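# What the coordinates show
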Amino acid sequence: MSVKKRGIAAVVLGSIAVLTLAACGSGGSGSASSAKSLVVDTNYDLVTLDPGRDFEFTGNLIDAQIYETALTYKGDDLSKPVPELTTYQVSSDDKTVTLKLNGKHYFSDGKPVTVDDIVYSYQRMQGIAGNPSFLLLDPAGKPITITKVDDSTLTLTSSTANPALPFILPNPSLGIVEKATVTAHGGTTDEKDGAQSWLDTHSIGSGPYMISSSDIKSRVVLTANPHYAGTKPSYTKVVVKNATSATQKVDLQSGQAQLADGISPQDATSLKSSGKAGVTSGASLYTLYAWFNQMPDLGGPVANEDFLNAVRHGIDYDAILKLVGAGSVQPGGVVPQGLFGALKSDPSNTYDLSEAKADLAKSGYSGQTVKFLVDSEAQAGNASFSNIAQTLQAQLKKVGINLQLVPQPSATALDTFRSGKFQAGMAQWGADYPDASDYIAFAPDQNVGLRAGWATGKGISSAEQLKPLFTKAMTTTDDTAREKAWQEVQTEMNKVGPFIPIVQPGAQLVYATSVKGAVYNPLWTVSFADLK
Amino acid sequence: MSESLSPEASVAAPPPGTSAFDALPRRRRTLPRAWRSPFAIVGAAVIVLWAIVAVFAPLIEPHDPLGQVAQAVQPPSAAHPFGTDLLGRDILSRVIAGSRISLPAPVMLVVASLVIGVVLGLIAGYFGRVVDEVIMRITDLVLAFPSIILAMIIVAATGPGIQHAMIAIIIVNWPQYTRVTRSLVLGARSSEYVVAGRLMGANWFTSLTRDILPNIASPVLVLATLDFGNQILALAGLSFLGLGAVPPQAEWGSMVYDGLQNFSAWWIAAFPALAIFTLVIAFNLLGDALRDALDPRMQERLQEGGAL
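Residues numbered from 1 in each chain as written. Chains lettered and ligands numbered in written order. Predicted model: local features only at pLDDT ≥ 70, side-chain atom pairs only at ≥ 80, totals over all residues. Heavy atoms only, no water.

### Observations regarding the overall build of chain B
If you tally the helices and strands in chain B, you get 14 helices and zero strands. From first element to last, N terminus to C terminus, chain B shows the α and β order α-α-α-α-α-α-α-α-α-α-α-α-α-α. Burial statistics for chain B: of 308 residues in total, 46% are counted as buried. Once local pairs closer than 6 in sequence are excluded, the contacts in chain B between residues at least 24 apart make up 71%. (Helix = DSSP H or I, 4+ residues; strand = E, 2+ residues; numbered from the N terminus. Buried < 20%, exposed > 50% of the residue type's maximum accessible area, 1.4 Å probe, protein only. Contact = heavy atoms within 4.5 Å.)

See below:
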């Protein structure tokens, strides 16, 4: 098994990151000695703080501060996992990831993190079959085998090539707990596990914070972990409080909270312009896209490449970004910006009215009504899906395309879309983990592809053309080549495919002017330890 | 028979072929007192005003109600007196355009429910037995469901759209008319003037349409007038829930929903809500006045109240 240079590169990058962090830390160490506290307002969707079971935004936010993961992401860069508890190497066949302990890390009770703890945490997460357990399944749907090699090494082995695994490991659900303590509180690696209630109110992680008190319905109080191996955080006490969007705004104005993640983009803008708060925004991991059924009998005039290009060039993407609000970006392809394998931009997806009209003239479309399915309940940033669809309708009318909106409630709209029998519509896809391979679902004959009638063997030339490209992207193992392969897939899809990526809605963090260094992370919102 | 046509009897029940409704204008040259109340006049004026707005909507609208022309989410100003919504559409123009749905739709809803309900109620009450049982059990079945929930189920099954919403509302709305009509027919069926009519050789159709219907018309009409307001609200409610008007159509209920999504921009929801409010209140004031005018017992009570 030859080891690739990716691992080495990661180590180098990791050490650069650590050095940078150390440099920053020494600069701000003056404030670290004095006890500072921070109140964070968030709209609770908290179900559990047990990392093996957590799969919610609030759970991720809190667990990411308490539990270190084998690998992590720095700031908002999700395109490259970096070492945290371990460094990593991937075998040339992409089936095995080898993790090696990355220096000394300590749990909040002072004991060092061992390979046994990591193996136990992963096996427990797989065994209790909670919501996030699928993260440690390989692409064939089989559980990944976790093996201890020696006191500083473990391996994760998949039954088929699984190049996305290093991108999955930073997920807060894969936080490392201390085996001895969790076992003592009823923890097992099967469904009999009884440690959840203890882990909801206590913590045993090696991250910068530990739970001081916790009520999963209203507030969780974190204090600094005295044994944390990294730079001591500036804020020694953090209160994460449940608050609705309106309350968050009031709390921030009155100084009762210093950080809030649920303030509406419009309110955030007014707070910022009044000088009371700062706003940092980032793109979420959702891609909002339009789809057009390629089965000639179902799609009718829309099952046509020229028609699709007319739509691509007929959409005024900037107008939609403005509507959706701060932090939103136009994705280059179906893979959202910031992810491994994403396209930055693509000339196929640009606003050009005359080009759109020329394409439409070629397509043979003559003003027929196109039924356009819209989820009437979904929201993206400032706008509802219905708002966005109405804007698309008005924009495409200028080209000469006649959309008829068909609004349906979320559950019904999803059923209709999944049936694969509808003509066209708008939908969104959120990354389950930050890697392009999650987007295999959009391939011909795959889950999402079939919803748009994109099947091979039906005389649909674009499906026949794209299928081998997807296969290539999934089977390429070298990272550089894999990234290229995914970008090539998207470039081709943007020419002939049935999906038109429209917008990647943004998310924003509003912070009091006293808080520095807030960076939005789509996986766990923000790292409290980075705040000054 | 001679007894049934005596003057005493005609006080309680007018002679066949005429009704309290027919008799009213002949007795009084001027409008009934109840009609002259300031509430009734205000109600009628508001409805007439909205009717004018609806008829001349395309001429009055300052902008295209669907045109995304202006800057988004602008507060009320001289250029856009009601402000603009999230997509930069002029809210004043949309409120005006919305009147073309919110004014005629309830009228159609009430008329359709009234026709279906009254016909079924007449049949059930007049023929009785099996016919009565079948019709009234179906009526009970529909009445057993909360009406807005049943309407939502029907629209969810057929897909959103004003036509579907209206059909759904008619389906849940006719039974109340059937109920009222049937009970009135049951009361009138054995009246001497009806029996007399039958003995004089009138067939069931003539008996129903000439003897019974005119005599039971006024309570049903009062019910219908008071129902206008409910139907405006029902239709707006379905649109608010995303089950009525399909975007981008301007409809007051769905405009209020848009406003709810942007709570900091009060004008998006406030003006269409105000439009709903004025029209519902106007219909209710008019309905009250009509009830006072047509219901003799109520009229007596009113006059007694006036004397006090």
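On we go from here.
### As for the overall build of chain A
Along its length, chain A carries 18 helices and 20 strands. Against the 2.2 N^0.38 benchmark of 24 Å for 532 residues, chain A shows a C-alpha radius of gyration of 24 Å, consistent with a compact globule. Taking the principal axes of the C-alpha coordinates as reference, chain A spans close to 70 × 60 × 45 Å. Within the span of chain A, comprising 532 residues, buried residues form 56% of the whole. In chain A, the proportion of contacts linking residues at least 24 apart, taken out of those at least 6 apart, comes to 70%. A total accessible area of about 19,600 Å² is found for chain A, and carbon and sulfur atoms account for 55% of it. (Rg over C-alpha atoms; globule rule 2.2 N^0.38 Å. Areas by Shrake-Rupley, 256 points an atom, 1.4 Å probe, with all protein chains shown as cover.)

### Section: the environment of B:Thr225
Residues and elements named next belong to chain B. If you trace the backbone, Thr225 turns up in helix H11 (residues 204-240). Of the residues examined, Thr225 reaches a relative accessible area of 9% and is grouped as buried. Considering only alpha carbons, one finds Thr225 and Phe283, 58 residues apart in sequence, at a separation of 7.1 Å. Residues contacting Thr225, with those up to four places away along its chain left out, are Phe283, Leu286, Gly287 and Leu290. A polar contact of 2.6 Å, which involves the side chain of Thr225, links it to the backbone oxygen of Leu221. (Polar contact = N/O pair within 3.5 Å; in protein donor to acceptor, adjacent residues only side chain to side chain.)

### A word on the pairing of strand E8 (residues 209-215) of chain A
Inspection of the sheet shows E8(A) paired to strand E9 (residues 219-224) of chain A by six bridges, in the antiparallel sense. Paired with A:Tyr209 across the two strands is A:Ala224, which belongs to E9(A). (Pairing = 2+ DSSP bridges.)

### Concerning the sheet that holds strand E18 (residues 424-430) of chain A
All names here are of chain A. Spatially, five strands are ordered E17-E14-E18-E13-E19 in an open sheet, and the strand pairing comes out mixed. Two strands close off the open sheet at either side, each with one partner strand: strand E17 (402-408) and strand E19 (499-503). Across this sheet, the average inter-strand angle for adjacent strands is 30 degrees, counted without regard to direction. The pairing of strand E13 (residues 286-292) with E19 spans four bridges and is antiparallel. Among the inter-strand pairings, Trp291 is bridged to a residue of E19, identified as Phe499. (Axes fitted to C-alpha atoms, helices over the stretch in contact; angles between N-to-C directions.)

### Remarks on the domain arrangement of chain A
All names here are of chain A. Each assigned domain of chain A is listed here: domain 1 (16-266 + 507-530) and domain 2 (286-504). A straight line from the C-alpha centre of domain 1 to that of domain 2 covers 34 Å. Facing 17 residues of domain 1, the contacting portion of domain 2 comprises 15 residues. Buried area between domain 1 and domain 2, summed over both chains or domains, comes out near 1,400 Å², and the portion from carbon and sulfur atoms is 61%. Looking only at domain 1, the three residues that lose the most surface to domain 2 are Pro163, Phe167 and Pro265, adding up to 30% of its buried area. (Domains from an automatic or database assignment. Buried area = accessible area lost by both parts, 1.4 Å probe.)

### Notes on the pattern of salt bridges
Residue and element names in this part refer to chain A. Under the criterion given, the structure shown has 23 salt bridges over all chains. Of the charged contacts, one joins Lys249 and Asp267 as a salt bridge, the two residues approaching to 3.7 Å between their closest N and O atoms. Remark: Asp267 occurs in helix H9 (residues 265-273) and Lys249 occurs in helix H8 (residues 245-254); sequence separation between them is 18 residues. Taking relative accessible area as the criterion, Lys249 reaches 23% and is therefore assigned partly exposed. One salt-bridge network, in which partners are shared between bridges, spans Asp50, Arg53, Arg124 and Asp193. (Salt bridge = Lys/Arg side-chain N within 4 Å of Asp/Glu carboxyl O.)

### Quick word on the side chain of B:Thr139
Residue and element names in this part refer to chain B. Within the element layout of this structure, Thr139 appears in helix H7 (residues 129-144). For Thr139, a relative accessible area of 0% puts it in the buried group. For Thr139, the side chain forms a polar contact with the main-chain oxygen of Ile135, separated by 2.7 Å. Setting aside residues no more than four positions away along its own chain, Thr139 makes contact with Trp174, Pro175, Thr178 and Arg179.

### Digging into the packing of H7(B) against helix H9 (residues 162-189) of chain B
Residues and elements named next belong to chain B. Orientation of H7 relative to H9, taken along the N-to-C sense of each, is 135 degrees, at an axis distance of 9 Å. Of the possible angle classes, the one that applies to H7 and H9 is oblique. H9 is crossed by H7, and the crossing has left-handed handedness. Listed contacts from H9 to Asp132, Ile135, Met136, Ile138, Thr139, Asp140, Val142 and Leu143 of H7 are Ile171, Val172, Trp174, Pro175, Thr178, Arg179 and Arg182. (Parallel < 35°, antiparallel > 145°, perpendicular 65-115°, else oblique. Left-handed = near helix turned anticlockwise from the far one by under 90°.)

### Quick notes on the packing of aromatic side chains
Under the criterion given, the structure shown has 23 aromatic pairs over all chains. Judged by centre distance (5.7 Å) and plane angle (75 degrees), the ring pair of A:Trp429 and A:Phe442 falls under edge-to-face. Residue A:Trp429 is found in strand E18, and its partner A:Phe442 is found in the loop between E18 and helix H16 (447-451); the two are separated by 13 residues along the sequence. The same class applies to A:Trp429 and to A:Phe442, which are both buried. A centroid spacing of 5.9 Å and a plane angle of 45 degrees characterise the contact between B:Trp266 and B:Phe271, whose relative ring orientation is tilted. A connected cluster of aromatic rings, assembled from ring pairs, spans A:Tyr289, A:Trp429, A:Tyr439, A:Phe442, A:Trp454 and A:Phe499. One cation-aromatic arrangement involves A:Lys36 over A:Tyr235; the distance from NZ or CZ to the ring centre is 4.6 Å. Its guanidinium or amino end placed over the ring of A:Phe417, A:Arg451 lies 5.1 Å from that ring's centre, counting from NZ or CZ. (Phe/Tyr/Trp six-rings, centres within 6.5 Å; stacked < 30°, edge-to-face > 60°. Lys NZ or Arg CZ within 6 Å of the ring centre and 35° of its normal.)

### A few points about the interface of chain A and chain B
Taken together, the contact pairs 15 residues of chain A with 14 residues of chain B. In total, chain A and chain B occlude about 1,400 Å² of area from one another, counting both sides; carbon and sulfur atoms represent 52% of this. When residues of chain A are sorted by the area they lose upon contact with chain B, A:Gln266, A:Gln390 and A:Pro407 head the list and together hold 36% of the total. Applying the counting criterion to the chain A and chain B interface returns zero salt bridges.

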